[in-house]
Amino acid sequence: MGLYIEARMRADLDDLWARTQEPSQHQRWDLRFTRITHLPRAEGEPQRFRYATRVLPGLTVAGTGVSAGERERPDGTRTSALRFSSPHPLSLLAEGSGYWRYIPDGDGVFFLTGYDYRPRWGRVGAVADRLLFRPLIGWATAWSFDRLRLWLERGISPERALWNWLAELLVRALVVLVCATGLGQERFLELLGPLAASMAYVSPLVLALAISLALFTSPLPGTPAARRCLRRPSTRVRAPRVLRTLETPR
């Protein structure tokens, strides 16, 4: 099953196009890539590129791709399609293809992507992909789309957005840890003196409520969140025709 992500961004179409098509801009907001580099090309040829993703400190997985875009279409929309592959033996992703669509809508743009790939490592890779990697990369794509939206709409740089997310994640984790610890520590009630008996019934409810808020409350407006993006198409979608003109890089 392919992946689909959609987000509406109150932004100028040209600004959105630039921040998704220019490698120096793209690699700043897209969590899936650490570095993207365009390769030289002749006039009229598709754009070839190299990409790299830092999986762990000291471990970078690289690959190559080819892309083509339609900047001016009769209906006012734009599309960009690509095929990619990675020869790295530690890359679960062997090869794949995808597209971006830019659909103007009043004061904003619907920005959406659909893509799929073939995992390597045989049956083990297929299981790892279905249970772990595919949900993770789907989340990373949606999170990155919302990070891009914050950059365009609110002027929050991708770097700042990442720090906002890490800070909020840390605060939520500390609340859960402290409250979970408090649920099992009866000696804390002794500090309340005469109120200890009554608080013995109230405190677990308060702590449980605090844990629920930390886990399920919507992220702050300046924090990227994958949940803000649509993860399933509302209507049937098809890949753009330009995708069929591209060959998988080797």
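That block above? That's the structure.
Owing to the predicted nature of the structure, the values given are computational and were not obtained by experimental measurement.

## Remarks on the packing of aromatic side chains
So, step 1. The full count for this structure, using the stated rule, is twelve aromatic pairs.
So, step 2. Ring centres of Phe33 and Tyr51 lie 5.6 Å apart, and the angle between their planes is 80 degrees; this geometry places the pair in the edge-to-face category. With Phe33 in the loop between helix 2 (23-29) and strand 2 (35-38) and Tyr51 in strand 3 (residues 47-56), the pair connects residues that are 18 residues apart, well separated along the chain.
So, step 3. On the accessibility criterion, Tyr51 (10% relative accessible area) is buried.
So, step 4. Measuring from ring centre to ring centre gives 5.9 Å for Tyr117 and Phe133, while their planes differ by 85 degrees; the resulting arrangement is edge-to-face. In this pair, Tyr117 is assigned in strand 7 (residues 108-119) and Phe133 in helix 3 (residues 122-154), connecting sequence segments 16 residues apart.
So, step 5. Accessibility expressed as a relative area gives 25% for Phe133, which makes it partly exposed.
So, step 6. In this structure an aromatic cluster arises from ring pairing among Trp17, Trp29, Trp100, Tyr102, Phe111 and Phe145.
So, step 7. The ring of Phe110 carries the charged tip of Arg8 above its face, separated from the ring centre by 5.9 Å.

## Points about the packing of helix 1 (residues 13-21) against helix 3
So, step 1. Packing of helix 1 against helix 3 leaves a shortest axis separation of 11 Å and a crossing angle of 135 degrees. Between helix 1 and helix 3, the angle is such that the two are oblique. Seen along the crossing, helix 1 lies across helix 3 with a hand that is right-handed. Where helix 1 abuts helix 3, its residues Asp15, Leu16, Arg19 and Thr20 lie against Leu148, Trp151 and Leu152.

## Overview of unusual backbone geometry
So, step 1. Of note in the backbone geometry, Trp121 takes a positive phi value of approximately 75 degrees without being a glycine.
So, step 2. Tracing the chain through its elements places Trp121 in the loop between strand 7 and helix 3.

## Notes on the side chain of Arg78
So, step 1. The residue Arg78 is located in strand 5 (residues 78-85) in this model.
So, step 2. In terms of polar contacts, Arg78 uses its side chain to reach the side chain of Asp14, at 2.7 Å.
So, step 3. With residues near it in sequence (within four places) discarded, Arg78 still touches Leu13, Asp14, Trp17, Glu70, Arg71, Glu72, Arg73, Trp100, Arg101 and Tyr102.

Cut-offs applied
- Along every chain, residues carry numbers that run from 1 in the direction the sequence is written.
- Reporting of local features is limited, given that this is a predicted model, to residues whose pLDDT is at least 70; pairs of side-chain atoms are given and counted only at 80 or more, and all residues count toward the totals for whole chains, interfaces and linings.
- Water and hydrogen atoms were dropped before computing side-chain values, which therefore reflect all heavy atoms in the structure.
- Pairs were defined over the aromatic rings of Phe, Tyr and Trp, the Trp ring being its six-membered one, requiring ring centres within 6.5 Å. Orientation was assigned from the angle between planes: stacked under 30 degrees, edge-to-face over 60, tilted for the rest.
- We count a stretch as a helix when DSSP gives it H or I for four or more residues in a row; a strand needs E for two or more, and each element gets its number in order from the N terminus.
- Residue exposure (1.4 Å probe, protein chains only): buried if accessible area is under 20% of the type maximum, exposed if over 50%, otherwise partly exposed.
- Sitting over a ring, as applied to charges here, requires NZ of Lys or CZ of Arg to be within 6 Å of the ring centre and within 35 degrees of the ring normal.
- Fitted lines through C-alpha atoms serve as axes, helices being fitted only where they are in contact, and the angles separating the N-to-C directions of these axes extend from 0 to 180 degrees.
- Working rule for angles: under 35 degrees goes down as roughly parallel, over 145 as roughly antiparallel, 65 to 115 as roughly perpendicular, anything else as oblique.
- By convention the crossing between two helices is left-handed if the near helix lies anticlockwise of the far one by an angle smaller than a right angle, and right-handed if it lies clockwise.
- Throughout, a residue-residue contact means that at least one pair of heavy atoms, one from each residue, lies within 4.5 Å.
- Nitrogen and oxygen atoms within 3.5 Å of one another constitute a polar contact, given that in protein one can donate a hydrogen and the other can accept it, and given that sequence-neighbouring residues count only through two side-chain atoms.

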